[in-house]
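Geometric and topological summary
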Amino acid sequence: MSAAKGRKQRMEQIIKKLRTAGFLVAGISVYQQIKSDPVLQCWIDLVENLSDEDADAPLHYVTAEYAAFCARLYESKFRGNLSDYLYNRVLLDENVFTTESAKGNYEKLPAQIRDAATNDLNALYAVTRISADDFRDAMLYRYPEDAELISLLPCYTTEPYLYSNVGCWGDNAAKIAEYHRHNGTGVFSEEIAFIFDNGRLVPVKNMDSVRLSDLKHYEVQRNKIVENTLSFLHGKPCNNVLLYGDRGTGKSSTVKALLNEYYGLGLRMVQIEKKNLNSLSKLIGLLADNPLRFIIFIDDLAFSENDDGFNALKACLEGSLSKKADNTVIYATSNRRHLVKETFSSREGDEVHRADTIDDSLSLSDRFGLTVTFMVPDKAKYLDIVLKIAQDRGLKVDEEILTKGAERFALQKAGRSPRIARQYVDMVQGRLEMGLEL
């Protein structure tokens, strides 16, 4: 066989490969949403123009399509890796296969849905088997006179890096189903913390990395919260939690540390601000069918009289006609035991049944089944917190110098707390690393 004839056969095989992959992608059903992905849409347009024998698109048009495909792939967090990009898109997709798998119903799905999902996964895998060289060869087949220009086109990779052990995707449909059973679907399978704002969930990209081991003292308080959280994660009876106490004592840090400790058990967290509490029932409804378990976190909670969010929170804690969602629990922190700001004028009031109004104000905090109190430490505990944080960080400082400085720092701050202890150690560490005297 002559070299020219062999090259022609190779080109024809590439065109056939493109045409087959394009046909398979066109038939995607369960993973239909992925077809609108911008990277895959560019790929589809490019394949259609290169594999259609009757297409008469000029080279510069096809080149622009290929460049747009590469550019979108470069802009993704996978930096030009088509296999990792598309497989990640598969894991994030929400469809009947992924949502039912997340609920543990993979085996109960009708055979036609499981088969369709397998075919879709194989089709998407076929996309990742089309390399940059394949596209270049297809262009050479269509535009042989422009070989030198085509050789200058950019490249991308099809070899998986992050998901290198997956193999053929359709062959691993059951493993993908198991992944969703443990990690949920959509953005919840990739992110663990969210903020609920204007009716939508916004992922928190730079989650505080604090761990329970980073928090010193308050073991009794933390153990109560950890036990309640583990009960919640294992589907046992649990309570909504109010963490009440002085500022800087680690209330918020404790809640965030729970997420870092137990997200592997299916825990996720959604923070909602007081101004959005009227949408709390909507948030709970949005999460209700998700197989994961969610702490709805309300930080620094306090209400004024006649506050709009007061009754909304009260109804969600207890008092709504709807059944309490099994996969959500509310953890709130506050510097106020009864959550409602009260003035002398409001206490005196002019209502006939003023006691009823006061009882109503107190009833909100009572609806938290577990209230855990965090109070400022005494001097000895404060200094011990300083020493333990410094020890965790491996700081080589004389203990007497460290504690004397910590006490001066607390006097300047007009109080002792774990937050002030951490701030002091931050300052000490910074000065040591800069070679400055303490």
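Structure shown above.
Described in the following lines is the structure provided in the data block.

Basis of the calculations
Residues numbered from 1 in each chain as written. Predicted model: local features only at pLDDT ≥ 70, side-chain atom pairs only at ≥ 80, totals over all residues. Heavy atoms only, no water. Helix = DSSP H or I, 4+ residues; strand = E, 2+ residues; numbered from the N terminus. Rg over C-alpha atoms; globule rule 2.2 N^0.38 Å. Buried < 20%, exposed > 50% of the residue type's maximum accessible area, 1.4 Å probe, protein only. Areas by Shrake-Rupley, 256 points an atom, 1.4 Å probe, with all protein chains shown as cover. Lys, Arg positive; Asp, Glu negative; His and termini not counted. Charge placed at Lys NZ, Arg CZ, Asp CG, Glu CD. Polar contact = N/O pair within 3.5 Å; in protein donor to acceptor, adjacent residues only side chain to side chain. Contact = heavy atoms within 4.5 Å. Axes fitted to C-alpha atoms, helices over the stretch in contact; angles between N-to-C directions. Parallel < 35°, antiparallel > 145°, perpendicular 65-115°, else oblique. Left-handed = near helix turned anticlockwise from the far one by under 90°. Nonpolar A, V, L, I, M, F, W, Y, C, P; charged D, E, K, R; others polar. Expected span 1.5 Å × (residues − 1). Arc of directions from axis to C-beta. Phe/Tyr/Trp six-rings, centres within 6.5 Å; stacked < 30°, edge-to-face > 60°. Lys NZ or Arg CZ within 6 Å of the ring centre and 35° of its normal.

Turning our eyes to something else, we now look at the overall build of the protein chain. Helix and strand counts for the protein chain stand at 18 helices and 7 strands. Compactness check: the protein chain gives a C-alpha radius of gyration of 30 Å against a globular reference of 22 Å for 438 residues, more than 25% above the reference. Judged by the C-alpha coordinates and their principal axes, the protein chain covers about 95 × 65 × 40 Å. Counting all 438 residues of the protein chain, 46% fall into the buried class. Of the accessible surface of the protein chain, which amounts to about 23000 Å², a share of 49% is contributed by carbon and sulfur atoms. Charge separation in the protein chain, taken as the distance between the mean sites of 56 positive and 62 negative side-chain charges, equals 4 Å.

Summarising the element assignment, Asp-37 is placed in the loop between helix H1 (3–26) and helix H2 (38–51). For Asp-37, a relative accessible area of 6% gives the class buried. Within the structure, Asp-37 has its side chain in polar contact with the backbone nitrogen of Val-39 (distance 3.0 Å). If near-sequence neighbours (up to four positions away) are discounted, Asp-37 is found in contact with Tyr-85 and Arg-89.

Further remarks concern the packing of H2 against helix H3 (residues 59–75). For the pair H2 and H3, the least separation of the axes is 9 Å and the interaxial angle reads 155°. On the basis of the axis angle, H2 is roughly antiparallel to H3. The crossing of H2 and H3 is left-handed. Judged by residue contacts, Pro-38, Val-39, Cys-42, Trp-43, Asp-45, Leu-46, Asn-49 and Leu-50 of H2 engage Tyr-61, Val-62, Glu-65, Tyr-66, Ala-68, Phe-69, Arg-72 and Leu-73 from H3. Counted by class, the contact of H2 with H3 contains 12 nonpolar, 1 polar and 3 charged residues.

As a further point, take helix H16 (residues 379–392). The end-to-end C-alpha distance of H16 is 20 Å, a good match for the 20 Å that 14 residues give at a rise of 1.5 Å each. Within H16, the full set of buried residues consists of Tyr-382, Leu-383, Ile-385, Val-386, Ile-389 and Ala-390. Down the axis, H16 shows its buried residues gathered within 150° of arc, on one side only. Exposed side chains of H16 directed beyond 90 degrees from the buried face belong to Ala-380 and Gln-391. Buried residues along H16 sit in contact with helix H17 (399–413) and helix H18 (418–433).

So, on to the packing of aromatic side chains. Scanning the model with the defined rule gives 15 aromatic pairs in all. A centroid spacing of 5.9 Å and a plane angle of 65° characterise the contact between Tyr-66 and Phe-135, whose relative ring orientation is edge-to-face. Residue Tyr-66 is located in helix H3, and its partner Phe-135 is located in helix H7 (residues 132–142); the two are separated by 69 residues in the primary sequence. Judged on exposure class, the residue Tyr-66 and its partner Phe-135 are both buried. Residues Phe-409 and Tyr-424 carry aromatic rings whose centres are separated by 5.6 Å and whose planes lie at 50° to one another, so their mutual orientation is tilted. Here Phe-409 is found in helix H17, whereas its partner Tyr-424 is found in helix H18, with 15 residues between them in sequence. One exposure class covers both Phe-409 and Tyr-424, and it is buried. Linked through ring pairs, Tyr-66, Phe-69, Phe-135 and Tyr-156 together constitute an aromatic cluster. Its guanidinium or amino end placed over the ring of Tyr-106, Arg-114 lies 5.6 Å from that ring's centre, counting from NZ or CZ. Cation over ring: Arg-293 sits above Phe-232, and NZ or CZ is 5.4 Å from the ring centre.

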